[in-house]
Amino acid sequence: MRSGSLPDARWGLRATQAAVFVLLVGAWEVASRLRWLDPFFFSRPSSVAERVARWFASGEVYGHIYVTSLETLLAFLVGSLLGVVVGFAFALSPALSRVFDPYVKVANAMPRIVLAPIFTLWFGLGILSKVAFGVTLVFFVVFFNTYQGVREVDRNVLNNARMLGATDRDLLRHVLLPSALVWILSSLHTSVGLALVGAVVGEYLGSARGLGYLIHQAEALFDTTGVFAGLVVLAGFVLVVDLLVTSVERQLLRWKPPSHVEEAL
Amino acid sequence: MRLASPPGTCAVRLQGCRRSFRTPDGGVYVALDRVDLEVRAGEFVALVGPTGCGKSTLLNLVAGLLQPDAGRVEVFGAPLEGINRRASYLFQQDVLLPWKTAEENVMLGLVFRRVRREEARRQARAWLERVGLRGFENRYPHQLSGGMRKRVALAQNLIVNPEILLMDEPFAALDVQTRQLMENDLLRIWQEERKTVLFVTHDLEEAIALSDRVVVLSAGPAARPVGEFPVELPRPRDVTEVRLDPAFGELFRRIWELLRGEVLRAFRLAP
């Protein structure tokens, strides 16, 4: 599906991207060494790299990565499941959606971050409070997409299935669910990203483990190098998660025509 | 498998059917009124009329997807309740499931009838071959051309062995060559299977070339059949060659005289 037919152009692109990276990081390093930037406030790439290497060498970072991954995964799974179930219920029952419409709107408009302290109070400092926080973020994305996916099913497609003898259960299984799944998958990057945001922000606000905790801890000690090192690990983590999501998405959406946007990229 | 119905029995009968819709501004639009129509078993009836005259509404009544406000719909002598289980419906729009392959789409009706998977798959392959799509079993709809997708939809309809085939301008979106190929395929299959066909189109030439009888619907609102023309052209027909028959032109002229008035009326009534 990807344009693998132009390897030269792709290598050129990769090389340019790498050059941009080297230029920016190099400028930072030089500026820091020449004291144009105060290393106390800005650290420097070599110290950050050294710190990251030390974290991995000593193995102390793995525990944090594990906790953050677990929170992300749980928040994603629970939030998605709730979103799909409630989305279906609302889409199939107009009465239900009419009654709860204002509540859903208010709940979604609320800045979720204010809930974090309450969740800490309810669920403690462990992973549960982070999962709960992530769920409130993931739920709405999946819920709205499921709702939309079910509502947008073409009338003729439904009628065609009915004429072919589909029962209500057949319609759910062969038409409505796959159709909603398309929408849910299209928002997979967003919902996984939000699950991660929930985990990291939750950790940042109060916890004893995780990447968010690592960054917060360094900040509290005015350890700029530690903050940047935490960000680098987090960025790497996000990249890996995103690659995983992309490959899952490719597997599940094999039947889809390549979009023009994707081809342009 | 059901036995073929004895010839001459009435497959579809509409008596005094009326169907109206609510308009967005709160009014009521009467699409069909006082519709009487009979289709004999094994007959190929084409329904023509100006756009927006309620041809699709009429088809939906026979399919059981819509209920009439007044009047009755009978299928093989029994009043129709709910979905018409003895009919299949070839829609104008693309209605294949994009996440299923051609073969899986064709199987669908058998899957709904709880036919064993291997058996359903075998029949689907056979049907795909019959509509000329051998080798395309594992393609997804987006990998097929518009004409191929129509063939898949046709196979999807025929695999459930319906007694009545409802068709709503099925070939309208196709280019002329593909369309004539599909029309000939349809005639060939109809000749072999002797289904009852109710075929809606706005193309009078297509209607005459395919059918045993052309029914003209008046312009809406309150559309109803205003003329019936038996088509006594020899069968088996080739849709391209039959157009050269002098009787074809003569029939076309007679029907067009009536239809033109309705088309003009629809055009003037159009908002």
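If you're wondering where the values come from, they're calculated on a predicted model, not measured in any experiment. (Residues numbered from 1 in each chain as written. Chains lettered and ligands numbered in written order. Predicted model: local features only at pLDDT ≥ 70, side-chain atom pairs only at ≥ 80, totals over all residues. Heavy atoms only, no water.)

**Student:** Explain the overall build of chain B to me, please; I cannot follow it from the model alone.
**Tutor:** The helix and strand inventory of chain B stands at 7 helices and 10 strands. Computed over its C-alpha atoms, the radius of gyration of chain B comes to 19 Å, within 12% of the 18 Å expected for a compact globule of 271 residues. Based on the C-alpha atoms only, the size of chain B along its principal axes is roughly 50 × 45 × 40 Å. Residues classed as buried in chain B amount to 53% of the 271 residues present. Within chain B, contacts between residues at least 6 apart in sequence are counted, and of these 70% link residues at least 24 apart. As displayed, chain B has an accessible area near 12,400 Å², and 51% of this comes from carbon and sulfur atoms. Side chains of chain B give 39 positive and 35 negative charges; the mean places of these two sets differ by 4 Å. (Helix = DSSP H or I, 4+ residues; strand = E, 2+ residues; numbered from the N terminus. Rg over C-alpha atoms; globule rule 2.2 N^0.38 Å. Buried < 20%, exposed > 50% of the residue type's maximum accessible area, 1.4 Å probe, protein only. Contact = heavy atoms within 4.5 Å. Areas by Shrake-Rupley, 256 points an atom, 1.4 Å probe, with all protein chains shown as cover. Lys, Arg positive; Asp, Glu negative; His and termini not counted. Charge placed at Lys NZ, Arg CZ, Asp CG, Glu CD.)

**Student:** Before we go on, may I ask you to explain the interface of chain A and chain B in this structure?
**Tutor:** A common way to express how large an interface is: the accessible area buried when the components associate. Each partner contributes to the interface: chain A provides 22 residues, whereas chain B provides 28 residues. Across the chain A/chain B interface, buried area totals approximately 2,200 Å², and carbon plus sulfur atoms make up 65% of it. Broken down residue by residue, the surface that chain A buries against chain B is led by Met163(A), Leu164(A) and Trp255(A), which jointly contribute 38%. Between chain A and chain B we count 1 salt bridge in total. Arg114(B) serves as the salt-bridge partner of Asp170(A), at 3.2 Å between the closest nitrogen and oxygen. (Buried area = accessible area lost by both parts, 1.4 Å probe. Salt bridge = Lys/Arg side-chain N within 4 Å of Asp/Glu carboxyl O.)

**Student:** Where do I start with unusual backbone geometry in this structure?
**Tutor:** One can expect most non-glycine residues to show negative phi and most peptide bonds to be in trans. At the junction of Arg235(B) and Pro236(B), the peptide bond is cis and its omega measures out at -5° in the coordinates. Here Ser43(A), not a glycine, exhibits a phi torsion of approximately 50°, which is positive. Relative to the assigned elements, Ser43(A) resides in the loop between helix H2 (39-42) and helix H3 (45-58). Residue Ser43(A) is classed as buried on the basis of its relative accessible area, which comes to 2%. Residues other than glycine seldom take positive phi values, yet Glu169(B) does so here, at roughly 40°. Position of Glu169(B) among the secondary structure elements: in the loop between strand S7 (164-168) and helix H5 (176-193). Judged by relative accessible area, which is 9%, Glu169(B) ranks as buried.

**Student:** For this particular structure, what's the right way to read the side chain of Ser179(A)?
**Tutor:** Its place among the elements puts Ser179(A) in helix H9 (residues 168-186). The exposure class of Ser179(A) is buried, given its relative accessible area of 11%. When near neighbours in sequence (up to four residues on either side) are disregarded, Ser179(A) contacts Gly149(A), Val153(A) and Trp99(B).

**Student:** How do you make sense of the nonpolar core when you look at a structure like this?
**Tutor:** The tendency in soluble globular proteins is for nonpolar side chains to be buried as a group. The biggest cluster of nonpolar side chains holds 136 residues, and the ones touching the most others in it are Leu14(B), Leu58(B), Leu166(B), Met167(B), Leu198(B) and Ile208(B). Other than its neighbours up to four places away in sequence, Leu166(B) contacts Leu59(B), Val62(B), Ala63(B), Ala87(B), Ser88(B), Tyr89(B), Leu90(B) and Leu198(B). In terms of nonpolar packing, the next biggest core, distinct from the first, is built from 5 residues, Phe90(A), Phe139(A), Phe140(A) and Phe143(A) among them. (Core = buried A, V, L, I, M, F, W, Y, C linked by side-chain atoms within 4.5 Å.)

**Student:** Quick question: what am I supposed to make of the environment of Ala91(A) here?
**Tutor:** Mapped onto the elements, Ala91(A) comes out in helix H4 (residues 60-92). Those residues in contact with Ala91(A) that sit more than four places away from it in its chain are Tyr147(A), Val150(A) and Arg151(A).

**Student:** Mind showing me how you'd approach the pairing of strand S1 (residues 10-22) of chain B here?
**Tutor:** One face of the sheet, then the other: side chains in a regular strand alternate in exactly this way. All names here are of chain B. Bridging between S1 and strand S2 (residues 28-40) involves 9 bridges; their strand directions are antiparallel. Each bridged residue has a counterpart across the sheet, and for Val-12 the counterpart in S2 is Val-39. Counting the residues between successive antiparallel strands, the hairpin from S1 to S2 contains 5 residues, one of them, Gly-26, with a positive phi of roughly 90°. Pairing between S1 and strand S4 (residues 70-75): 5 bridges, direction antiparallel. Within S4, the residue paired with Leu-14 across the bridge is Val-73. (Pairing = 2+ DSSP bridges.)

**Student:** I keep staring at helix H10 (residues 188-205) of chain A and nothing clicks. Help me out?
**Tutor:** Along an α-helix, residues three or four apart share an orientation, since each turn contains 3.6 residues. Residue and element names in this part refer to chain A. Spanning 18 residues, H10 covers 26 Å between terminal C-alpha atoms, matching the ideal 26 Å at 1.5 Å per step. Of all the residues in H10, the buried ones are Leu-188, Ser-191, Val-192, Ala-195, Leu-196, Gly-198, Ala-199, Val-200, Gly-202 and Glu-203. Check the buried side of H10 and you find it contacts H4, helix H7 (127-151), H9, helix H11 (211-220) and helix H12 (224-252). (Expected span 1.5 Å × (residues − 1).)

**Student:** Hey, could you run me through a nonpolar patch on the surface in this one?
**Tutor:** Residues Met110(A), Ile113(A), Val114(A), Tyr204(A) and Leu205(A) make up a contiguous nonpolar surface patch of about 430 Å² in total accessible area. One can find Val114(A) in the loop between helix H5 (94-109) and helix H6 (115-123). (Patch = residues over 30% accessible without salt bridge, like charges linked within 9 Å, V, L, I, M, F, W, Y side chains within 5 Å.)

**Student:** Please explain the sheet that holds strand S9 (residues 213-217) of chain B as it appears in this structure.
**Tutor:** Within a beta sheet, neighbouring strands are joined by backbone hydrogen bonds and run either parallel or antiparallel to one another. Residues and elements named next belong to chain B. Pairing is mixed across the open sheet formed by 6 strands, whose spatial order is S6-S7-S8-S3-S9-S10. Lying at the two open borders of the sheet, with one neighbouring strand each, are strand S6 (87-90) and strand S10 (225-230). Recorded for the sheet is a direction-independent mean angle of 15° between the axes of neighbouring strands. Across 5 bridges, the pairing between S7 and strand S8 (residues 196-201) is parallel. Looking across to S8, one finds that Leu-165 is bridged to Val-197. (Axes fitted to C-alpha atoms, helices over the stretch in contact; angles between N-to-C directions.)

**Student:** Help me understand the pattern of salt bridges, please; the structure alone is not making it clear to me.
**Tutor:** Think of it this way: side chains of opposite charge can pair up when their charged atoms draw near. Residue and element names in this part refer to chain B. A complete count under the given rule lists 33 salt bridges over all chains for this structure. One salt bridge connects Glu-43 with Arg-213, and the closest N-O pair in it is separated by 2.7 Å. Residue Glu-43 is found in the loop between S2 and strand S3 (44-48), and its partner Arg-213 is found in strand S9; the two are separated by 170 residues along the sequence. For the pair Glu-43 and Arg-213, one class covers both residues: buried.

**Student:** For this particular structure, what's the right way to read the domain arrangement of chain B?
**Tutor:** Residue and element names in this part refer to chain B. When the domains of chain B are assigned, the result is domain 1 (10-86 + 163-269) and domain 2 (95-161). For domain 1 versus domain 2, the separation of C-alpha centres amounts to 26 Å. Where domain 1 abuts domain 2, roughly 1,100 Å² becomes buried across the two surfaces, and 59% of that area is made up of carbon and sulfur atoms. Applying the counting rule to domain 1 against domain 2 returns 3 salt bridges. Applying the counting criterion to the domain 1 and domain 2 interface returns 5 residue pairs in polar contact (both at pLDDT 80 or more). (Domains from an automatic or database assignment. Polar contact = N/O pair within 3.5 Å; in protein donor to acceptor, adjacent residues only side chain to side chain.)

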